[in-house]
Structure formats: C-alpha cells, structure tokens
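Tertiary structure, described
Below, each chain spelled out in residue letters.
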Amino acid sequence: MAISFNKRELEKKKEQKRKEKQKRKEERRANASSSFDDMIAYVDENGVITGTPPDPDKKREVDVNNIVVSTPKKNEEEKSALSGRVEYFNSDKGYGFIKNTSGTDKYFFHISNAPANIAEGNTVTFELERGEKGLNAVKIVLTK
C-alpha cells in the first residue's frame, strides 16, 4: 500500500514534535532541583508572596479576642405584638391569613395558633415566627 506525500509529511511532523517534547522533558529533569525548600513560598504581613521566610524579630503579638471571624451576634429584640385583621379563614381546613394593619403584609396562620372562635373580619394581635415558607402569625389573641 502506498503512503501519500501529505501523510508522510504529517507523520514526520508528529515524530519531530514527540522528539522535541522528550528533549524538553529531559532538560527539565536535568535542571530541576527537587529540594522541598525551593518550592516553599511565604506570605508577608501585606499578603505578598515571597521566597524569603519572615523575620522573627519583627513578629507582632495579636490579641485573639479582637479578631472577628463571623458576623456579630444579633441582640435579642423584644417581640412586640402586632395588630391586624383576619382577611381570610377556612374553618374546614383550619388555616387563614391575617393582614397587618400597619402595612400591606399578609401572614399565614393555623388554627392551632389561634382561638377557636376566630372568624373573618376579627381584629387580632399576634406575633411572628419564621416557618417553612415565610413568616407565620402565632399567639393570636382576639381584640375588641
């Protein structure tokens, strides 16, 4: 079977590339120092990577208590009772929605967190608690 001129040229180029790659690999092996100390890098106090170790005489003492790792803790806020009106209530299913009188927000509530005689149109006071799908009204009390 005859090999075309182009195919022979391509094979020669591939072989030449393999030889060059092997040569570069051997050069790296010959010139490389496998010392672990040559591979270590240091970071100075400004965050710059250097090849020289830090000077122990310039070491500063750091007060561990002044380091803030996370967000500061929230101060416990007193939960104030909100007022609202029962916008919707389904007694068969046992849930409803309360519309806050100081805004347009509506909050879900379950009958287990409300008095038994609650109905649509009642004015109530309630507190909020985070639920699976958002804020829920809890500790619901009827107002007169």
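Please read these numbers as outputs of a predicted model, since none were measured by experiment.

1. Section: the overall build of the protein chain
When helices and strands are tallied, the protein chain shows two helices and seven strands. When the helices and strands of the protein chain are listed from N to C terminus, the series reads α-α-β-β-β-β-β-β-β. In terms of its C-alpha atoms, the protein chain occupies a principal-axis envelope of roughly 100 × 70 × 25 Å. Of all 144 residues assigned to the protein chain, the portion counted as buried reaches 13%. Entry remark: accessible area of the protein chain is about 13100 Å², with carbon and sulfur atoms responsible for 50%. For the protein chain, the centre of its 28 positive side-chain charges and the centre of its 24 negative side-chain charges are spaced 12 Å apart.

2. Brief notes about the packing of aromatic side chains
The geometry of an aromatic ring pair is captured by the separation of the ring centres together with the interplanar angle, meaning the angle of the planes. For the structure shown, the criterion picks out seven aromatic pairs. Considering the side-chain rings of Phe89 and Phe109, the 5.8 Å spacing of their centres and the 5° angle between planes classify their relative orientation as stacked. Separated by 20 residues along the polypeptide, Phe89 in strand β3 (residues 82-90) and Phe109 in strand β5 (residues 106-110) bring together distant segments of the chain. The pair formed by Phe89 and Phe109 is uniform in burial state, with each residue classed as buried. Measuring from centroid to centroid gives 5.9 Å for Tyr107 and Phe126, while their planes differ by 55°, and the two rings are tilted. In this pair, Tyr107 is assigned in strand β5 and Phe126 in strand β6 (residues 123-131), connecting sequence segments 19 residues apart. Accessibility expressed as a relative area gives 1% for Phe126, which makes it buried.

3. Focus on helix α1 (residues 5-31)
Helix length check: α1 (27 residues) gives 39 Å between terminal C-alpha atoms against 39 Å at 1.5 Å per residue, within 8%. Of all 27 residues in α1, zero are buried, a share of ten percent or less.

4. A closer look at the layout of surface pockets
A water-sized probe, rolled over the atoms, reveals where empty space remains. Looking at the largest pocket, its volume works out to about 390 Å³. Around the largest pocket, the lining is made up of 14 residues, and of these Asp44, Glu45, Pro54, Asp55 and Lys58 lie nearest the centre. Within the lining of the largest pocket, the residues separate by chemical class into six nonpolar, two polar and six charged.

5. Section: a nonpolar patch on the surface
Together, Val62, Ile67 and Val69 make up an exposed nonpolar region whose accessible area comes to about 330 Å². Within the element layout of this structure, Val69 appears in the loop between β2 (49-50) and β3. A relative accessible area of 79% means that Val69 is categorised as exposed.

6. Examining the environment of Lys21
Within the fold, Lys21 resides in helix α1. Taking the C-alpha atoms as reference, Lys21 lies 76 Å from Leu82; in sequence the two are 61 residues apart.

The rules behind the values
- Residues numbered from 1 in each chain as written.
- Predicted model: local features only at pLDDT ≥ 70, side-chain atom pairs only at ≥ 80, totals over all residues.
- Heavy atoms only, no water.
- Helix = DSSP H or I, 4+ residues; strand = E, 2+ residues; numbered from the N terminus.
- Buried < 20%, exposed > 50% of the residue type's maximum accessible area, 1.4 Å probe, protein only.
- Areas by Shrake-Rupley, 256 points an atom, 1.4 Å probe, with all protein chains shown as cover.
- Lys, Arg positive; Asp, Glu negative; His and termini not counted.
- Charge placed at Lys NZ, Arg CZ, Asp CG, Glu CD.
- Phe/Tyr/Trp six-rings, centres within 6.5 Å; stacked < 30°, edge-to-face > 60°.
- Expected span 1.5 Å × (residues − 1).
- 1 Å grid on protein atoms, 1.4 Å probe; cavity = no way out; pocket = protein on both sides within 12 Å on 5 of 7 lines; lining within 4 Å.
- Points joined across faces, edges and corners; volume = space filled by probe spheres on them.
- Nonpolar A, V, L, I, M, F, W, Y, C, P; charged D, E, K, R; others polar.
- Patch = residues over 30% accessible without salt bridge, like charges linked within 9 Å, V, L, I, M, F, W, Y side chains within 5 Å.
- Salt bridge = Lys/Arg side-chain N within 4 Å of Asp/Glu carboxyl O.

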